[in-house]
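Below are the chains, spelled out letter by letter.
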Amino acid sequence: MYKPRIKIELFGTPRMVAGTRRIEATGEDLGTLFQNACNKVPSLRDHIVNSEGTWLNAGYTFVVDGQFTNDPKHYVDPESDVLLVSRASGG
Amino acid sequence: MHSVHGQYLHIDLSHGRSTIYPIAESVQQAFLGGIGLGTWLLDAWCPAGTEPLHPDAPLIFVSSPFIGTGLTTASKLAVLARSPQTGFIGDSLTSSYLAIALKRCGVDAIVITGQCPEWSVLIVENQEIRIEPAQDLLGTSPDSTSEHLRGRLGKQFRIAAIGEAGENLVRFAAISNDGRLAGRTGPGCVMGSKRLKAMAVRGSGRLPVVADPEALGQAARALSRRSLGPETAKYRELGTAANLAFFNKMSMLPSRNFQASQLDGLEGLHGEALHATHRTDKNACAACTIGCEHHYALRSSSGEGKSGSTVRLEYESLYALGPLCGVNDPDVVLQAARLCDDLTMDSITTGATIAWAMECRENGVDLGVPDHEIPTFGDGDALLRVIGEIGQRRGLGDLLADGSRAAARGVGQGSESWTLDVKGLELPGYDPRKLPTLALGLAVATRGACHNRSSAYEVDLSDQLAPDSELEARVQAAIRAEDQASILDSLNLCKFLRHCFDDLPAESAHLLEQVTGVPADGETLLATGERINTLKRLFNISHGWTREDDWLPSRVLSSENGQSLLSPDWLTSALDIYYRQRGCDAYGIPTSASLSRLQLDHLRESASAPA
Ligand code: SF4
């Protein structure tokens, strides 16, 4: 079955660890998209995954179409603008 | 109350005298330390009518109960004065070993008034003072001053110093210690007005004991461990420069004097890129386990001829000296940041005032100098030249050295409509047009447009509130963010530690109890934050504040380019709700019921005695 690919734009540590600005992966919600992205770039797991290996650790968040979300069930499709960024926004 | 001395040192520079004053325990419990206790002292020593640069105006350095306890990031010093830039409260925090030296002197604060007859160094050794000439130090950077004085007096001395900007009374001059700046609102200008090039402090006393050393030791170790976790990874790994690429993507990066919120061609300034191309090493403030201070190599503008020296760079300097001025050359921005540090002036106001002048040039405004001396957007060489002129008050720099609001008032010609400030303090690098909770925080912030005193951007840059939340809820979130910021600023903990707490007020109250022995919980600590914010408001009211001062620049309230979530009506409604929730009347004045609830009626009275 055809699975559309979704682009995740990386910022900060995820970008440095992955060595790329964007990853493409499949998934119909953030949870599966995240797992597939980590399978594709395993080095991400060492930095941004929680101790259970299931989801982001406390340092990171997704932004989908301009909205911050930490909900693995958040729906995404190929039109979604998906960003992965640090939760800490201080400057 | 443990971990405090219950007294402060007043130094009169005009007469070379010092006096110890007691601080009642009720005051220390009510205001903690740092910015809180400093606000109480400022309110006492700077009554209505005291001009910021008059010899009678105080310059205040304050420690906190947490300093020297082993709690990570707690070695911060609060510096307060009536701001020569805004005319309202000027309060800054800076991390350094000076904070520990001051506490070892056996006092919780130093209040300096008067004026030296000639340029001098103030030497504080425990509670003894002496004043020595400093003519030979004029024109030197704080780093050189510090090196010289520590060579002469001994390495145990810790130094706070001003650079040329402070000597020349640049209104946004900072004070530097251990390379960190008490940067905003112009404390370095106040120090310069007292002809004080530097203060050298050596404390050899024991630090006061904490109430429960064992429990505190465990808590401090746990907090240090957590400070090395994912919550602070951004600061440790990339530093705050990491904000730039993301903010640009989100169209919340103020550019070209807020004419845009996004700029092309900034890839070289991305924190990720700077890390790869320029980063050399990193450092941490005194007693900090996080270490967010990243250093970058300084090179010539052509990118060649590495000079071997480095500069620390924070996001705010990167924003103000880069995109805000339309500059995208990393070598220029790094040199500009270094110049600001050496001259010792606030890089946000420096960049924002130059960006204002750049827009003046675009609009043909006469600034009293030939056109070619006014910088244009994107001209890095001109940026560097004008920074030097500001620090030395030469040419165009003399006009800009008073900040953008004063400069615009001086030249008129419509240029007031493109100053981007609140109360005379220029906006930080978070575009409020996309961040409504922060927008309110900036409007009401007592020291002017400051992201640190409110931290409400945390609400906008998270999933805490839905974008279409009721205004009541947004205002409530802004108030909570302000009160939490006051707690951190008065315990002298770093804001970058805040994600290491699950419940910041409750957990810091627990630490406070272990340190001081005074029972505390989250609610009482939040009330303390509210009390401190209300006292800051009262101080401003004594110095002429009115509701009109809690207002945002017209450019961020206009729907120009369809960018802004804000409007004048929105801000009016938000302020009405804010004042009501804060216990103020419709003019923003705290009601007598609020003052009595916060015990500010009698706490304020008790402050007036020494002055
Ligand atoms: S996190 Fe950064 S600013 Fe905060 S205390 Fe540590 S080094 Fe200083």
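Above this note sits the structure.
This structure is a prediction, so every number in the text was calculated from the model and none was measured. (Residues numbered from 1 in each chain as written. Chains lettered and ligands numbered in written order. Predicted model: local features only at pLDDT ≥ 70, side-chain atom pairs only at ≥ 80, totals over all residues. Heavy atoms only, no water.)

Below, the discussion takes up the interface of chain A and chain B. Listed as interface residues are 27 residues of chain A and, on the opposing side, 32 residues of chain B. Here chain A meets chain B over a buried area of about 2300 Å², counting both sides, of which 61% is carbon and sulfur. Contact with chain B buries surface across chain A, with Phe68, Ser89 and Gly91 of chain A losing the most and accounting together for 29% of the total. At the boundary of chain A with chain B, the tally comes to two salt bridges. Here Lys249 of chain B ties to Asp81 of chain A by a salt bridge, and the two come within 3.6 Å at their closest N and O atoms. (Contact = heavy atoms within 4.5 Å. Buried area = accessible area lost by both parts, 1.4 Å probe. Salt bridge = Lys/Arg side-chain N within 4 Å of Asp/Glu carboxyl O.)

Okay, the pattern of salt bridges next. Summed over the entire model, instances satisfying the criterion amount to 41 salt bridges over all chains. Here Glu9 of chain A ties to Lys249 of chain B by a salt bridge, and the two come within 3.1 Å at their closest N and O atoms. One end of the pair, Glu9 of chain A, is in strand β1 (residues 5-10); the other, Lys249 of chain B, is in helix α9 (residues 243-249), on a second chain. Among the residues examined, Glu9 of chain A registers a relative accessible area of 9% and is labelled buried. The class of Lys249 of chain B is partly exposed, set by a relative accessible area of 29%. The shortest N-O distance in the salt bridge between Arg597 of chain B and Glu530 of chain B comes to 2.8 Å. One end of the pair, Arg597 of chain B, is in helix α24 (residues 592-597); the other, Glu530 of chain B, is in helix α21 (residues 522-542), with 67 residues separating them in the sequence. Look at Glu530 of chain B and you get buried, because its relative accessible area is 12%. (Helix = DSSP H or I, 4+ residues; strand = E, 2+ residues; numbered from the N terminus. Buried < 20%, exposed > 50% of the residue type's maximum accessible area, 1.4 Å probe, protein only.)

So, about the nonpolar core. All names here are of chain B. Counting 99 residues, the largest nonpolar core has Trp356, Leu440 and Leu552 as the members making the most contacts within it. Examining the composition of this core, we find that eight residues originate from one element, helix α13 (residues 347-362), more than from any other. Core analysis: the second largest hydrophobic core is formed by 32 residues, Val79, Val124, Ile162 and Val190 among them. (Core = buried A, V, L, I, M, F, W, Y, C linked by side-chain atoms within 4.5 Å.)

Below, the discussion takes up the site of the ligand. All names here are of chain B. The ligand sits among Thr73, Lys76, Arg180, Ala284, Cys285, Cys288, Ile290, Gly291, Cys292, Cys494 and Phe496. Considering only residue class, the shell around the ligand consists of seven nonpolar, two polar and two charged. Two domains share the shell around the ligand, each providing at least three of its residues, namely domain 1 (7-202) and domain 2 (228-425). (Near = heavy atom within 4 Å. Nonpolar A, V, L, I, M, F, W, Y, C, P; charged D, E, K, R; others polar. Domains from an automatic or database assignment.)

Mapped onto the secondary structure, Glu482 of chain B falls in helix α19 (residues 471-491). If we skip the residues at most four places from it in the chain, Glu482 of chain B touches Val444, Arg453, Ser454, Asn533, Tyr578 and Arg582 of chain B.

Take helix α2 (residues 30-40) of chain A next. Residues and elements named next belong to chain A. Among the residues of α2, Leu30, Gly31, Leu33, Phe34, Ala37 and Cys38 are the ones counted as buried. An end-on view of α2 places all buried positions within 165° of arc, on one side of the element. Of the surrounding elements, those touching the buried residues of α2 are β1, β2 (22-26), α3 (45-48), β3 (60-64), β4 (67-69) and β5 (82-86). The distance from a side-chain oxygen at the start of α2 to the backbone nitrogen of Gly31 is 3.2 Å, and the residue carrying that oxygen is Asp29. (Arc of directions from axis to C-beta. Polar contact = N/O pair within 3.5 Å; in protein donor to acceptor, adjacent residues only side chain to side chain.)

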